Amino acid sequence: MEKIEFRPAEGGESAWLYVVEETRINGISYLLVTETEEEEAEAYILKDTSKDGDTDAAYEFVDDDDELETVSKIFAELLEDVDIEL
């Protein structure tokens, strides 16, 4: 599993996250990530908010309920053997 460093934009401590899956919907990239490689890990969905030409990717946690539900369904289809609970 790929491991990425997540650094909050407003400062604070960075965290290492494991990328479980990624997808692109309507031109927007999303990552399904966890804090650990354990099977029963809590997962988060990150949305790429960077602009074209940015040298670094900028991700934020998806917190809109409708968007979260839509993207969760796509990740559930991509990962047939994984249960995603909102």
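I will try to describe carefully the structure that is included in this document. These numbers come from a predicted model, not from an experiment.

## Regarding the nonpolar core
Residues Ile-25, Tyr-30, Leu-32, Ile-45, Val-62, Val-71, Phe-75 and Leu-79 constitute the largest nonpolar core, which totals eight residues. Elements with a contribution of two residues or more to this core: β3 (28-34) and α1 (65-78). Residue contacts for Val-71: discarding those within four places in its chain leaves Ile-25, Tyr-30 and Ile-45. The next biggest cluster of nonpolar side chains, apart from the first, holds seven residues, and it includes Phe-6, Val-19, Leu-31 and Val-33.

## Considerations on the sheet that holds strand β4 (residues 43-48)
Pairing within the open sheet is antiparallel, and its five strands lie in the order β1-β2-β3-β4-β5. Two strands lie at the open edges of the sheet, namely β1 (2-6) and β5 (59-61), each paired on one side alone. If you compare each strand with its neighbour and ignore which way they point, the axes differ by 45° on average. Where β1 and strand β2 (residues 15-25) come together, five bridges link them in antiparallel fashion. Across the sheet, the residue bridging to Glu-2 is Val-19, located in β2. Across the sheet, α1 lies against β2, β3 and β4, angled at about 90° from β2, the strand it touches most.

Calculation criteria
- Residues numbered from 1 in each chain as written.
- Predicted model: local features only at pLDDT ≥ 70, side-chain atom pairs only at ≥ 80, totals over all residues.
- Heavy atoms only, no water.
- Core = buried A, V, L, I, M, F, W, Y, C linked by side-chain atoms within 4.5 Å.
- Buried < 20%, exposed > 50% of the residue type's maximum accessible area, 1.4 Å probe, protein only.
- Helix = DSSP H or I, 4+ residues; strand = E, 2+ residues; numbered from the N terminus.
- Contact = heavy atoms within 4.5 Å.
- Pairing = 2+ DSSP bridges.
- Axes fitted to C-alpha atoms, helices over the stretch in contact; angles between N-to-C directions.

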